[in-house]
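Okay, here's what each chain looks like letter by letter:
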Amino acid sequence: MSSKYTAGPTETERCIESLLAVLQRYAGRDGNACSLSKKEFLTFMNTVLGSFTKNQKDPGVLDRMMKKLNMNCDGQLDFGEFLNLIGGLAQACPEQAMSSPTSG
Ligand SMILES: [Ca+2]
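No experiment lies behind these values; they were computed from the predicted model shown. (Residues numbered from 1 in each chain as written. Predicted model: local features only at pLDDT ≥ 70, side-chain atom pairs only at ≥ 80, totals over all residues. Heavy atoms only, no water.)

Caption draft 1: Spotlight on the overall build of the protein. Along the protein, the regular secondary structure elements total 6 helices and 2 strands. Helices (α) and strands (β) of the protein occur, in sequence order from the N terminus, as α-β-α-α-α-β-α-α. Looking at the protein as a whole, 26% of its 104 residues are labelled buried. For the protein, the proportion of contacts with a sequence separation of at least 24, taken over those separated by at least 6, is 47%. Of the roughly 7400 Å² that the protein leaves accessible, carbon and sulfur atoms contribute 56%. (Helix = DSSP H or I, 4+ residues; strand = E, 2+ residues; numbered from the N terminus. Buried < 20%, exposed > 50% of the residue type's maximum accessible area, 1.4 Å probe, protein only. Contact = heavy atoms within 4.5 Å. Areas by Shrake-Rupley, 256 points an atom, 1.4 Å probe, with all protein chains shown as cover.)

Caption draft 2: Structural view of the packing of aromatic side chains. Using the criterion set out here, one finds 3 aromatic pairs in the structure. On the basis of an interplanar angle of 80 degrees and a centroid distance of 5.5 Å, the ring pair of Tyr26 and Phe44 is categorised as edge-to-face. Of this pair, Tyr26 sits in helix 1 (residues 11-27) while Phe44 sits in helix 2 (residues 38-48), placing them 18 residues apart in sequence. Among the residues examined, Phe44 registers a relative accessible area of 2% and is labelled buried. For the pair Phe79 and Phe82, a centre-to-centre distance of 6.4 Å together with 25 degrees between the ring planes defines the contact as stacked. With Phe79 and Phe82 both in helix 5 (residues 79-92), this residue pair falls 3 residues apart, about one helical turn. Taken together, the ring pairs connect Tyr26, Phe44, Phe79 and Phe82 into an aromatic cluster. (Phe/Tyr/Trp six-rings, centres within 6.5 Å; stacked < 30°, edge-to-face > 60°.)

Caption draft 3: Layout of the side chain of Ser37. Inspection of the secondary structure assignment puts Ser37 in strand 1 (residues 36-37). The buried category is assigned to Ser37, whose relative accessible area is 13%.

Caption draft 4: Inspection of helix 5 at higher detail. Here helix 5 contains 14 residues, and its C-alpha end-to-end distance of 20 Å stays within 8% of the 20 Å for a straight helix at 1.5 Å per residue. Here helix 5 has its buried residues at Glu81, Phe82, Leu85 and Leu89. Burial along helix 5 is one-sided: seen end-on, the buried residues are contained in an arc of 105 degrees. Residues of helix 5 that are buried sit in contact with helix 1, strand 1, helix 2, helix 3 (50-54), helix 4 (61-69) and strand 2 (76-77). Between the side-chain oxygen at the start of helix 5 and the backbone nitrogen of Gly80 there is a gap of 3.2 Å, and the oxygen is on Asp78. (Expected span 1.5 Å × (residues − 1). Arc of directions from axis to C-beta. Polar contact = N/O pair within 3.5 Å; in protein donor to acceptor, adjacent residues only side chain to side chain.)

Caption draft 5: Quick peek at the coordination of the calcium ion. Taken together, Asn70 (OD1), Asn72 (OD1), Asp74 (OD), Gln76 (O), Glu81 (OE) and Glu81 (OE) make up the full set of protein donors to the calcium ion, lying 2.1 to 2.6 Å away. Written as a sequence motif, the donor arrangement for the calcium ion is N-x1-N-x1-D-x1-Q-x4-E. By relative accessible area, which is 44% here, Asp74 ends up partly exposed. (Donors = N, O, S within 2.8 Å, 3.2 Å for Na, K, Ca; no water.)

Written as structure tokens, this is what we have:
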């Protein structure tokens, strides 16, 4: 590590660490703290992204999201697959993200 890293983690690094911490918090419920089972994914979505899931008129949307995100079809969302979820959500609401550039 060069000296430019001694000032602490960058904003991006903190974001990644936060996402990893969130994943581990929900993923740890069944003993595998590195990936979300479908049940954990549903808990995560309904808890953390309740405003998103509440607005979904299609009850199968989370099932399809899980299926789409689970690239290797192992029934679990690992960190990479979880990041695809976050990226997809970020793309789905660019206006909301853009409307508050100074918050957080
Ligand atoms: Ca997977």
